[in-house]
Amino acid sequence: MKISLYALVFVVSLLSAPARLLAQDVSYEQLLHADATPQDWLMYGGDYQSQRFSRLTQINRENVHRLKPAWMYQPNHPLQPFETSPVVVSGIMYVTEPLSTVTALDARLGTKIWSWTPHLPEKIYTVGVHRSNRGVAVLNNTVYVETLDAHLVALDATTGAVKWTVHVDENDRGYAMTGAPRVLDGKIIVGISGGDVGIRGFVDAYDAKTGKRLWRVWTIPSPGEPGSETWGKDMSGTGGAGTWGTGSYDPELNLLYWTTGNPAPDYNGHNREGDNLYSDSLLAINPDTGKMKWYFQFTPHDTHDWDAIQVPVLFDETVDGKPRKFLALANRNGFYYVLDRATGEYVTGVPFVTQTWAKGLDKKGRPILLPNTEPTPEGSLVYPDGHGGTNWNSPSYSPQTKLFYVSAREVGAYTVAGEPKVHFPDFGGGGRNALSGDDGYGAIRALDVMTGKLKWEYRMLAPTEASTLATAGGLVFSGTDEGNFFALDAANGKLLWEFTVGGANSESNLITYEVDGKQYLIGASGNCFVAFSLP
Amino acid sequence: MPGSSTVSEKEAANIVAYLRTMDSTTASGVATGDPKKGESLYNSSGCSACHMIAGQGGSIGPELTRIGAMRGATNLKGRLQDPGANLPQVGEGAFGNRWTQYLMYHAIEKDGRVVEGVRVGEDSFTIVLKDAGGKFHGLWKPDLRSLEKEPGRSFMPSFKDTLSAAQLDDLVAYLMSLKNAQ
């Protein structure tokens, strides 16, 4: 057999250099031990604990001041919020772009490998929903994405070809999907958006191979079910309680932790007397059965739009000589909570921003309400505002410092009660009027993870909705509302690096990864997706 | 919800709530003076040294070409009497934060140099001030010894004691006539 030298070189090159580009498979075993491959960023939150902590150390507090842009990428559909949290597998990055596009990039070069865009209907209902997408999930050789018109789609990780599509719910009834799915062993878990227009929230599980629905957990009980008495009347069809965040998972306890949004109508509770379970709650779900093991409600009978969809961060700590499993959540209502994640028992809760609506939390973590804080027709000034003490943007936790890093919003708003409207799509109950930006500010706050006590803060100009990323290099990265990325010393909050991108709202979830021995940091600001590395 | 991308009934309610809490004088009041006399006063009082109308005048203060379409008579009269008070705000209104325009700052750099000016741009790490001569100063906040807001202050003098009530009304009438001067 004659083989030309050229062909031989071609075959050899296929076998060597591009091998990095052909190994996108991610097993469940890898996901379970995501910290063993810190060069990848395998899922939303970085690991099942959602700690958003990277063990990479090439970029560290000594050299971060030299960080420079390596490449940039701009999405196809500009002028929509770019909120993606990328997943990186063996040098390939999967990002989502508004509206529901998935793009695979070479993570070292920023070069597009493939892109997939769904055929969305001309009319999409996204009332109260950003027309954006927060990322994909990857399992084996499949990329899973939620679409704005409420479908779950499985794509081939190598080509972007569609493997299957399932219709999750009716977009023309207000159901929309913007979150990143969570993959478990053979299951895809998704939540739903649209809580402000009177959907009935749920958490769904689908078979990873076939797309068959395995179970659905409703966030609003049917009449007669436990919790239904907390609505005053049957609101199971329109009570809201969306599930648009991405949950965390404890494989040892086999519990999935998923959070829920506000009850509807949002600023007027007269139509829904009671605690409104399971709105503004955290649900602990057995993913094998779809049964709720326990729940914890943060804001009973919410009238300020304080969705509890913040990311639950799982951490372990020894208390009184005993190893314990905890869950931390900095809530939109202004309180930082620690729960026992095995039992749901309330451990502690303290304000992490100025809040004027509760005297505190009682022994079970229920807020003790202050008078005159309900929305009124004239407007009632309450801290935090409707965007909350923090929002959907992820916090991070460093096991090295035992600090919880959250982008905190210090601002109040006049909350206005309007006439309750309860017929889709005309749904609502008032609104809010935020104070001037000059009367508020944003801050990265480092909290003692067990007590919530403030260790340090770094102030920003505007109240911001940006994630934080903690690294073993002793750093915390985040972004500002004005379009800056920056790095702080994780131990003391000292500013170590800043880069101005200029686009408003550096809101995407920053992540870090490594390709060919080089560590990168990446985040989106405005319509630009920027990767940084050391020169 | 994180925000909104289409205007719904709810968002319309937000806008109404926002408008309700806006400066009530922004679009109120009726100009009762003589705009011709007001124009003369404008020219004789040195206003054009700092303000531009239809391409003529200085650029230290805000342009006034369309000021009559942007503000109400009560608001303008108040501004002439107390220029640093009740400053206008810009921004996203009901869906985000608004920011105060023409806010004055007093900055001291590490070497002791003082910069005083009106904020024209700011982010978490930088601020650009325009001084009384119209010069821009871009400052890196971490390098500053101090940076203080000066609410209530303005480079513009008050005309409260230098013009009579009738003259103020004339000047307001002139300013209100500037809908889109060419």
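Computed from a prediction, not measured in an experiment: that's the story for all the values here. (Residues numbered from 1 in each chain as written. Chains lettered and ligands numbered in written order. Predicted model: local features only at pLDDT ≥ 70, side-chain atom pairs only at ≥ 80, totals over all residues.)

**So, the overall build of chain B**
Note the following rule: The helix and strand labels rest on DSSP assignments: H or I over at least four residues marks a helix, E over at least two residues marks a strand, and numbering proceeds from the N terminus. The exposure scheme places C-beta atoms from the backbone and then counts, for each residue, the other C-beta atoms within 10 Å of its own, assigning buried at 20 or more, exposed at 12 or fewer, and partly exposed in between.
If you tally the helices and strands in chain B, you get five helices and nine strands. The order of helices and strands in chain B, counted from the N terminus, is α-α-β-β-α-α-β-β-β-β-β-β-β-α. Here chain B, with 182 residues, has 29% of them falling under the buried criterion.

**Observations regarding the overall build of chain A**
Applicable threshold: Radius of gyration here uses only the C-alpha atoms, and the compact-globule reference equals 2.2 Å multiplied by the residue count raised to the power 0.38. Working definition of a contact: two residues with C-beta atoms, positioned from the backbone, lying within 7 Å.
Counting secondary structure elements, chain A contains two helices and 38 strands. Against the globule reference of 24 Å for 535 residues, chain A gives a C-alpha radius of gyration of 22 Å, in line with a compact fold. By the burial criterion, 59% of the 535 residues in chain A qualify as buried. Counting only contacts in chain A whose residues sit at least 6 apart along the sequence, the fraction spanning at least 24 positions is 60%.

**Remarks on the nonpolar core**
Here is the rule we go by: Throughout this description, the term nonpolar core refers to a group of buried Ala, Val, Leu, Ile, Met, Phe, Trp, Tyr and Cys residues whose C-beta atoms join them within 7 Å.
Judged by nonpolar contacts, the single largest core of 141 residues is most densely connected at Tyr94, Val136, Ala137, Val138 and Ala328 of chain A. Among all residues touching Val136 of chain A, those that are not within four sequence positions of it are Val87, Tyr94, Thr96, Val102, Val143, Tyr144, Val145 and Ala180 of chain A. If you look at the next biggest cluster of nonpolar residues, it comprises 18 residues, including Leu80, Leu168, Leu171 and Leu178 of chain B.

**Notes on the sheet that holds strand β22 (residues 346–351) of chain A**
Residues and elements named next belong to chain A. Applicable threshold: Any two strands with at least two DSSP-identified bridges between them are counted as paired. Angles here are taken between N-to-C directions and fall from 0 to 180 degrees, while the axes themselves are lines fitted to C-alpha atoms, restricted in helices to the stretch in contact.
Pairing within the open sheet is antiparallel, and its four strands lie in the order β19-β20-β21-β22. Among the strands making up the open sheet, the edge pair consists of β19 (313–319) and β22. Taken over all neighbouring pairs, the strand axes of this sheet differ in orientation by 25 degrees on average, direction set aside. Inspection of the sheet shows strand β21 (residues 335–340) paired to β22 by five bridges, in the antiparallel sense. Among the inter-strand pairings, Val338 is bridged to a residue of β22, identified as Thr348.

**Focus on helix α5 (residues 165–177) of chain B**
Residue and element names in this part refer to chain B. Rules: Helix span, as expected, comes to 1.5 Å for every residue beyond the first.
End to end, α5 covers 18 Å across 13 residues, agreeing with the expected 18 Å (1.5 Å per residue, within 8%). Where α5 is concerned, the buried positions are Leu168, Asp170, Leu171, Val172, Ala173, Tyr174, Leu175 and Met176. On the buried face of α5, the contacting elements are α2 (35–44), α3 (67–70) and α4 (73–81).

**A short note on unusual backbone geometry**
Residues and elements named next belong to chain A. Cis rather than trans, the peptide bond between Leu277 and Tyr278 has omega equal to 0 degrees. Mapping Tyr278 onto the fold places it in the loop between β16 (255–259) and β17 (281–286). Here the bond from Tyr383 into Pro384 is cis, since omega is -5 degrees, no more than 30 degrees from zero. Positionally, Pro384 belongs in the loop between β25 (380–382) and β26 (396–398). A positive phi angle, close to 55 degrees, is found at Ser50, a residue other than glycine. Relative to the helices and strands, Ser50 resides in the loop between α2 (28–32) and β1 (53–54). Here the phi dihedral of Lys402 falls at roughly 55 degrees; this positive angle occurs in a residue that is not glycine.

**Notes on the sheet that holds strand β11 (residues 182–183) of chain A**
All names here are of chain A. As summarised here, the arrangement of the four strands in space is β11-β12-β13-β14, forming an open sheet in which the pairing is antiparallel. The strands lining the two open edges of the sheet, one partner per strand, are β11 and β14 (213–218). Bridge count for β11 against strand β12 (residues 187–190) is two bridges, and the pairing is antiparallel. By the bridge assignment for β12, Arg182 is matched with Ile189.

**As for the packing of α2 of chain B against α5 of chain B**
All names here are of chain B. To be explicit about the condition: In these notes the angle categories are as follows: under 35 degrees is roughly parallel, over 145 is roughly antiparallel, 65 to 115 is roughly perpendicular, and the rest is oblique. Three classes are used, and their members are as follows: Ala, Val, Leu, Ile, Met, Phe, Trp, Tyr, Cys and Pro are nonpolar, Asp, Glu, Lys and Arg are charged, and the others, Gly among them, are polar.
The interhelical angle for the contact between α2 and α5, taken along N-to-C directions, is 95 degrees, at an axis separation of 7 Å. Put simply, α2 runs roughly perpendicular to α5. Counted together, Pro35, Lys37, Gly38, Glu39, Leu41 and Tyr42 of α2 and Gln167, Asp170, Leu171, Val172, Ala173, Tyr174 and Ser177 of α5 form the full contact between these two elements. Of the residues in the contact of α2 with α5, the class split is seven nonpolar, three polar and three charged.

**Description of the packing of α4 of chain B against α5 of chain B**
Residues and elements named next belong to chain B. In plain terms, the rule: Crossings are sorted by hand: turned counterclockwise from the far helix by less than a right angle, the near helix makes the crossing left-handed, and turned clockwise it makes it right-handed.
At a minimum axis distance of 9 Å, the contact between α4 and α5 shows a crossing angle of 125 degrees. In terms of axis orientation, α4 runs oblique to α5. Our pair here, α4 against α5, has a crossing hand that is right-handed. The residues of α5 that touch α4, namely those facing Ala73, Leu76, Lys77 and Leu80, are Leu168, Leu171, Val172, Leu175 and Met176. Counted by class, the contact of α4 with α5 contains eight nonpolar, no polar and one charged residues.

**Remarks on the pairing of strand β9 (residues 151–156) of chain A**
All names here are of chain A. Where strand β8 (residues 142–146) and β9 come together, five bridges link them in antiparallel fashion. From the neighbouring strand, Val145 faces β9, where its bridge partner is Val153. The antiparallel hairpin formed by β8 and β9 contains four residues in its connecting segment, where Ala150 sits at a positive phi of about 65 degrees. Here β9 runs beside strand β10 (residues 162–167); their pairing, made up of five bridges, is antiparallel.

**Some thoughts on the pairing of strand β4 (residues 92–97) of chain A**
All names here are of chain A. The buried fraction of β4 amounts to six of the six residues, a majority that puts the element mostly inside the structure. On β4, burial covers both faces: Ile92, Tyr94 and Thr96 on one face and Met93, Val95 and Glu97 on the other are all buried. Pairing of strand β3 (residues 87–89) with β4, which is carried by three bridges, proceeds in the antiparallel orientation. Residue pairing in the sheet places Val88 in a bridge with Met93 of β4. Linking two consecutive strands that pair antiparallel, namely β3 and β4, is a turn of two residues; a positive phi of about 50 degrees is found at Ser90 within it. Two strands pair when backbone bridges link them, and β4 and strand β5 (residues 101–106) are joined in this way by six bridges, in the antiparallel orientation. In the sheet register, Ile92 faces β5, and the bridge partner there is Asp106. Here β4 folds back onto β5, and the loop between the two strands holds three residues.

**Notes on the confidence of the model for chain B**
Residue and element names in this part refer to chain B. Convention followed: For every residue, the predictor states its confidence as a pLDDT score lying anywhere from 0 to 100.
Here chain B averages 84 in pLDDT, while 81% of its residues score no lower than 70. Per-residue pLDDT, averaged within each element of chain B, yields its smallest value for helix α1 (residues 9–21) (46) and its largest for strand β5 (residues 104–109) (97). Note that pLDDT drops below 50 for residues 1–25; the model gives that stretch 59 contacts with residues more than four away or on any other chain.

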